[in-house]
Amino acid sequence: KDLPVSSVERAAVECASEEVTQPHGEPSKEQGPLSRIIDSLENPKNMENADNPSAVTEPPKMVQTSIVRMKFADDLRESLRACKMVAEPHIATKTTDEKCACLRKYDMSVSEQAASFRRAENSFNSYFKSHSTLQALQSCGLLVRFHLLSIAQLVVEDRAPETMFVRLTTTPQFKALLIDAISSVVKMRHYWRQVNYLERRQYDWFDREKRNPPHQTWKPNQHLEWLVFELENNVCVWPTQVAVAEKMMCPDTSAASASEEPGKHATMQLNMGEGKTSVIMPIIAAELANRSNLVRLIVLTSLFATNYNQLAFKLGGLLNRRVFTLPFRRDIPLKKEDVDIILDILQQCQQTKGVLVTVREHVLSLQLKYQESCYKADDGLASALGRVLTLLQCSARDVLDEADAVLHHRFQLIYPIGQPQPPDGEKIRWQMAEVVLDTVKTLARRFHSHFHANNSVYEERSCQRFPRFRLLEAAGSAEAYRWLCEQIVDLVLAGKSSVVKPSFIEGVNQLSDAGKGHVKKILQERKATTRDMEMLKSSVPSTIYPHILCLRGLLAHEVLLVCLKKRYRVEYGLIPERQLHDILPQPRPIKMAVPFRAKDLAAERTEFGHTDVAIILTLLSYYQGGMSDKQIDTVLDILKGEPAKDSIYSAWVKTATAKRHDEASSAPQSCDSNSSSPTPGTISNIDESIRELSGINREDSNQMMAHVYPFLRFHMDAVNFFLNHVIFPKQCNVFDQKLVANAWTLAPARNPRLSGLSHSSSASLENAGPCSDSQIASVPPVYCDHVITGFSGTNDTRLLLPESVQQEDLESLKHTNAYVCKLVLGHKNNFYFKLPMSCPGEQLLDKAVSCEETVNTLIDAGALILDMKNEDVARCWLKKRTDMRAAVYFDSENRIQVYDDKAGVSGRLELSSFADDLSDCLVYLDHAHTRGTDLPMVRGTRAAVTIGKGLKQDELVQACMRMRRLGDSHSLCFWAQPDIEKSIRTACSLSDEEKLEHWHIMLWCFFNSIKATEEAFYAWATQGLAFLHGKNTLLEAANKARLVSVGSGAEHIREHMPCVDSVPLTTMYGQPCTTQSIPEIIKQLGNGLDGTSTLVDRCLENVQHVTRFALAQKPEEEQEREMEAELEKEAEREYPAKVDHIPEVCPDYLKALVRSACWQFPSSDCPIPLWHCLKKTSLGVAQTFQLVLDFEKWNSECLKATASFASTVETSSSHPDGDKFLRPSEWILLVRTPDHSAKKLLLLSPFQANTLLVEEYSEPGRWNAAVSLHCYASPARQGQTFMTDCTAPVLGPAVAKFYECHGQLQKLFTELLCYSGGLFFGTSNRDQCITMTHLGNLLQLSPKSDEESNSLVRHTPPSSAEEATSALVEDGSNPVMLLRSLLSKLHADDSVELSDMGKLLLLQQWPNKM
């Protein structure tokens, strides 16, 4: 206690002075911030404040009962006690005497080094004099002069004495001389660094160097690689680093006494900046690589390039160790010969004492490739891969860097098996997601105003854009979400959404009031019984049952809640273009949303495992980020080919120009930065030239850039159109089965022994020869003979490590957690500032400029700046700070840059004049670089740290520790938005009047870590079950291969190893769902699986009171899928089977008809009613078709077709290809009676029309004036004219306009329109009204009595025959159904729904009122 401590570790003194509460005891009177945090974790209190209604009176449930929380508190208490013992000598300012003393020590070291060299030189001379050959070479000048660096590597050489020089330099005497000389140089450099720090006044580094003299806890002659490493890299291996290295090389030495399970793998914690990657990893790799081990360093994919280059630099010099890498992916073609080359490389790496650097994806991909080869019965490839895995099993010694991230519980690698196919429900899945989000857009404003602002983040945008809307976790959030679901259900079932499909509205209208009430209950409540689900299936029409299940999944299963809580560009988003090449070496463009690890940093090759989560987040990503110019061009290209293109585009314009009744006169400006164009949406922003689709000129670049692109970029309907046609059909796919590997596979159990088998960890495949198939099958690659060790800067995930791995921190480093927390909680850092809600980046920079104490460093740990790029932040901030010269930031390629205001350009920091001095620089660290970044911040720097949603304790500490001199000359201040502040106050039971301090923020981060740990246990346990399934399958296959045959083992793998990938809708959302504890769920999922009891016990130990719904698919699931190499395939069209055509003839009665205009035909070979032409199609086979044909209105004698028109090929009545031989309606004979009171239509084949033209019309007087021949085409596109609007017929007199025709002819034209698949009712309002009147009569539909309603109801005609037909309508034999089926065969569904005919048939609404 009498010893002062160093300035950089002032936290240790504060720890020593803190009064720490006893476990479950009373706290002392005076507590430090960390003790308050421990007390709050152990004894959460409820703060009651009746005078302040905004104060939360009850902390979260997680704080009341949590085993994990108590473990966090106990570990932090133990760390605090250990931190009390840390006390270091303090040198605030060096005096002259102290500097002189240091210089004297330096001189003494130089003298010792010189004496050592003289002794070594004398020894060398005497050593060489005994060898005449060396003397002769030296006298001739052929023996070069020895230098220490040139011969230092001889210390670690263990080659055979092949030459005389090697024999002379590998003797113990010579090595002893070299060790003595190298040690002297290392000690001399140690003092030289101290003098250098003194001259630069870097007293903290001087203290650290002084406290860590070389070779204090280890002997150089026992660790020769370490000694050479120190010499080459000008460093000293500190005692702490030595302890960690020795623990990682031999973890069992201490585990035998400290742990009950010495056979487990081990991970340990070391503070940030203590040389984990730069010192510890190279020295343990160099020493472990001893030809009996194959050292394999597993690193993160994002750090692979950095670690590989660093290891190659540090090990490739005097140590002369080669660094190998072995990429392995599924899409690389692989043969048995290629695997043999891989085996040779691994053996070469082991024999030459090399080091293999790889990533977890490559390790797991190799194992899955072995399983896939067994699944595909590729025995040769499986045998070769088995030899590789056997070598790794016996010899691999794995070391994990950033072990907490490498062994993360969310990581899994998947090999999909089979062909990609759409998910169950196909387009219904994304259509219902679009409907739900459309209603969310409508309800967002009401939700934000109805509930407290802390339940949501809302920012108004234009009518066609999705608002900035995100749900927050706060008091009453469950009630708020329940209200949102109720409103969504009411709007969707009422058909109020503009994107809901007509078929769904029709199915809902068929439900009774009781049925609708039951549907609403099922959609809103997850706790549905088996009886409820059975009633739902029986009461809901089968056409909309999948739609109801999708809605239930999105609402009741809280898929929508999970998605609306995520932050765009922070937790999800689209892969930035800069990452596409890095993530996908052979680009497979991923255009769907993927998980993000930080702001604008997509997770490598990772996708969302839940189909509906991926769909909704993809929609939100495009709503928020907009479409690119190229994607908008694609939309216009597709729209050009749509039959209802004008209607579609008109609806887009109508949506954009519509004003909500509650919309404010001026909406706040959007903070989205993905488009620099002005925000469209109001009438004034839509140029008159693009209000019609025909007004868009694709060749006019000015119009496209100024009007079209800004209008469509964020338009929700246009985005839906693009995703529905381009993205979802191609990329929203699932597979029947999959092979799974996860973090558990990286760390299999140690030293198992199968019956009758034994392994030797040092066995060499080279001596044993190639393994046979039976040996491979009997040694499944699920075990390892060597221990696996790893380290990281934090240990918050220690409870979520695989079962075979345990956290084993050194006793001397147990103070690390409390130490770093105390540095953050220093009294200089107790400053909090509240930011405005929805604070844009420039406003946040204004806050940094206006602070009382100057802020020169901004650490965006909360990812609050989303509307500006990093370079834009640096430039904008520097403009506001005229006293600074430059700004430091990370660019889009993760390179550290500096923007020089004087030069006006950006460049690499290490190449600039600011590399060693940042005194005139501003520093901005974005969310992705708040850990792992080390910059030489100048003394006196103050940093602002932003706090964001769900920030965990380790993330906060990592961000704050970028300021390496906390507690000495660096300080912090914390910034947060109101929603985050409210969440902190809620978690800490803090009223609005009380001051929010830095320890409250730290406590809130601890709560977030605890909650994340508890929620992660379900994913952790399910990953363990997947690993146990694969492990048990391989063990059973090994036993079968040994006892039965090799083929039986491979067959067992093929049958049992793959897991189910695609989950049906009925399984996901159609089953009753109950709340259960996590141990109960895991016990049910792992029923009958060996090893499940261990997982259940672990869950009971930590989360026995945590409950959740047992779901078929986890909404938070993430997965990395590796696809097979896609081969180019040329599709060949399959044509109908060959059939015999019917010879066409022009019967005599046709010639007589055009001559006499007499509508009389012979009894044989006479024309048939037009609708009888469908008898040889799939529609004609249906029983309902016969019932419809009996209806006299559809059996008109005035509308017929010739036999040649009706029959084209020789087919039976039930021929499956009958639909493919329907003749289009192209040629029509119009026959008038002499008094023009009645008209009749006869459809002809092209052959018959041509015959009449040639034979009858060519001779004058033979063609009757009452007969005319017309060329007909049904209006399948909007804007096409009706048949009678043509200028003139082909033959005969002209016909009047449609609305001027006789009513009987209008009826015939309307019926012909139905048969020919016409979609639109003409171009004029008169044509449309007349057509709909006749259609309503034919289909028994009439408008409702309510004049404001545009709906139709069925009416019953007065005659008895029609009454009988009306009964058939109620039984489903309505002509409406016939027309729907006919249109679905002739046109795409989307084009039918958007047409006049589709609105009438599907929606039963008048098109002109839509």
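Residues numbered from 1 in each chain as written. Predicted model: local features only at pLDDT ≥ 70, side-chain atom pairs only at ≥ 80, totals over all residues. Heavy atoms only, no water.

A. Up close: the packing of aromatic side chains. Scanning the model with the defined rule gives 19 aromatic pairs in all. Consider the rings of Trp-218 and Trp-226, whose centres lie 5.6 Å apart with planes at 70°: the pair is edge-to-face. The buried category is assigned to Trp-218, whose relative accessible area is 5%. Given a relative accessible area of 0%, Trp-226 falls into the buried group. Joined through ring pairs, the aromatic side chains of Phe-447, Phe-451, Phe-469 and Trp-483 make up one cluster. Of note, Arg-330 hangs over the ring of Tyr-415, and the distance from its end group to the ring centre comes to 4.5 Å. Between the NZ or CZ atom of Arg-465 and the centre of the ring of Phe-714, over which it lies, the distance is 3.8 Å. (Phe/Tyr/Trp six-rings, centres within 6.5 Å; stacked < 30°, edge-to-face > 60°. Buried < 20%, exposed > 50% of the residue type's maximum accessible area, 1.4 Å probe, protein only. Lys NZ or Arg CZ within 6 Å of the ring centre and 35° of its normal.)

B. Structural context of empty space enclosed by the protein. On inspection of all chains with the given rule, the structure shows 17 cavities of 30 Å³ or more. Its volume calculated, the second largest cavity comes out at about 240 Å³. Every residue lining the second largest cavity is counted, 21 residues in all, and those nearest its centre are Arg-296, Gln-367, Pro-748, Tyr-783 and Cys-784. Mapped onto the lining of the second largest cavity, the elements with two or more residues apiece are helix 17 (360–375), helix 18 (379–395), strand 5 (396–401) and helix 33 (743–746). Broken down by class, the residue content of the lining of the second largest cavity amounts to 14 nonpolar, four polar and three charged. (1 Å grid on protein atoms, 1.4 Å probe; cavity = no way out; pocket = protein on both sides within 12 Å on 5 of 7 lines; lining within 4 Å. Points joined across faces, edges and corners; volume = space filled by probe spheres on them. Helix = DSSP H or I, 4+ residues; strand = E, 2+ residues; numbered from the N terminus. Nonpolar A, V, L, I, M, F, W, Y, C, P; charged D, E, K, R; others polar.)

C. Representation of the packing of helix 12 (residues 239–249) against helix 14 (residues 276–288) in the model. Axis separation between helix 12 and helix 14 bottoms out at 10 Å; the angle between their running directions is 45°. What the angle tells us is that helix 12 and helix 14 run oblique. Our pair here, helix 12 against helix 14, has a crossing hand that is right-handed. Between helix 12 and helix 14, the contacting residues are Gln-241, Val-244, Ala-245, Met-248 and Met-249 on the first element and Val-279, Ile-280, Ile-283, Ile-284, Glu-287 and Leu-288 on the second. Each residue belonging to the contact of helix 12 with helix 14 can be placed in one class, and the counts come to nine nonpolar, one polar and one charged. (Axes fitted to C-alpha atoms, helices over the stretch in contact; angles between N-to-C directions. Parallel < 35°, antiparallel > 145°, perpendicular 65-115°, else oblique. Left-handed = near helix turned anticlockwise from the far one by under 90°. Contact = heavy atoms within 4.5 Å.)

D. Fine view of the confidence of the model for the protein chain. Taken over all residues, the pLDDT of the protein chain has a mean of 78, while the share at 70 or more is 76%. Every residue in residues 754–780 is under pLDDT 50, and counting partners more than four places away or in other chains gives 51 contacts. (pLDDT = per-residue confidence, 0-100.)

E. Structural context of the environment of Leu-909. As for its position among the elements, Leu-909 is in the loop between strand 20 (905–908) and strand 21 (921–925). Classification of Leu-909 by relative accessible area gives buried; the value is 6%. In the structure, Leu-909 is positioned twelve residues away from Gln-897 in sequence and 5.1 Å away in space, judged by C-alpha atoms. Contact partners of Leu-909, with chain neighbours within four places excluded, come to Val-888, Ile-896, Gln-897, Val-898, Phe-914, Ala-915, Leu-918 and Leu-935.

F. Representation of helix 15 (residues 304–315) in the model. Look at helix 15: 16 Å from first C-alpha to last across twelve residues, which is about the 16 Å you get at 1.5 Å a residue. Each element contacted by the buried residues of helix 15 is listed here: helix 11 (224–233), helix 14, strand 2 (294–299), strand 3 (323–325), strand 4 (355–359) and strand 5. (Expected span 1.5 Å × (residues − 1).)

G. View of the sheet that holds strand 23 (residues 971–976). Spatial strand order, 16-23-22-17-21-18-19-20: eight strands in an open sheet with mixed pairing. For this open sheet the edge positions go to strand 16 (832–834) and strand 20, each flanked by a neighbour on one side alone. Going from strand to strand, the sheet's axes swing by 20° on average, the running direction of each strand aside. Where strand 17 (residues 857–859) and strand 22 (residues 942–947) come together, three bridges link them in parallel fashion. Each residue of the ladder has a partner; that of Thr-857, found in strand 22, is Ala-943. Together, strand 16, strand 17, strand 22 and strand 23 form the strand contacts of helix 37 (residues 841–850), whose direction differs from that of strand 23 by roughly 145°. (Pairing = 2+ DSSP bridges.)

H. Examining the pattern of salt bridges more closely. Tallied over the entire structure, the rule returns 41 salt bridges. Close ionic contact of Arg-691 with Glu-688 constitutes a salt bridge, the shortest N to O distance being 3.2 Å. Note that Glu-1144 is salt-bridged to Arg-1223, the shortest N-O span being 3.7 Å. Taken together, the residues span a long stretch of sequence, with Glu-1144 in the loop between strand 27 (1118–1121) and helix 46 (1148–1156) and Arg-1223 in the loop between helix 49 (1203–1206) and strand 30 (1227–1232) at a distance of 79 residues. Judged by relative accessible area, Glu-1144 falls into the partly exposed class, the value being 29%. Given the relative accessible area of 17%, Arg-1223 is considered buried. By sharing partners, the salt bridges in this structure join Arg-330, Lys-369, Glu-372 and Lys-376 into a single network. (Salt bridge = Lys/Arg side-chain N within 4 Å of Asp/Glu carboxyl O.)

I. Layout of the sheet that holds strand 2. Strand order across the open sheet formed by seven strands is 3-4-2-5-14-1-15, with parallel pairing between neighbours. Each having just a single partner strand, strand 3 and strand 15 (805–807) make up the two edges of the open sheet. In this sheet, adjacent strand axes meet at a mean angle of 25° when their direction is disregarded. Of the pairings in the sheet, the one linking strand 1 (residues 265–269) to strand 15 comprises three bridges and is parallel in character.

J. Seen up close, the nonpolar core. Core analysis: the largest hydrophobic core is formed by 99 residues, its most contacted members being Phe-504, Leu-560 and Trp-652. Ranked by residues supplied to this core, first place goes to helix 20 (residues 427–450) with eleven residues. Look past the residues within four positions of Trp-652 in its chain and what remains in contact with it is Val-635, Leu-639, Phe-711, Leu-712, His-715, Asp-717, Ala-718 and Phe-721. Among the nonpolar cores identified, the runner-up in size contains 81 residues, and Leu-76, Tyr-819, Leu-918 and Ile-947 belong to it. (Core = buried A, V, L, I, M, F, W, Y, C linked by side-chain atoms within 4.5 Å.)

K. How the structure looks around the environment of Arg-291. On the secondary structure map, Arg-291 appears in the loop between helix 14 and strand 2. With a relative accessible area of 35%, Arg-291 lands in the partly exposed category. Residues Arg-291 and Gln-351, spaced 60 residues apart in sequence, show a C-alpha to C-alpha distance of 4.9 Å. Only 2.7 Å separates the side chain of Arg-291 from the backbone oxygen of Gln-351, close enough to count as a polar contact. (Polar contact = N/O pair within 3.5 Å; in protein donor to acceptor, adjacent residues only side chain to side chain.)

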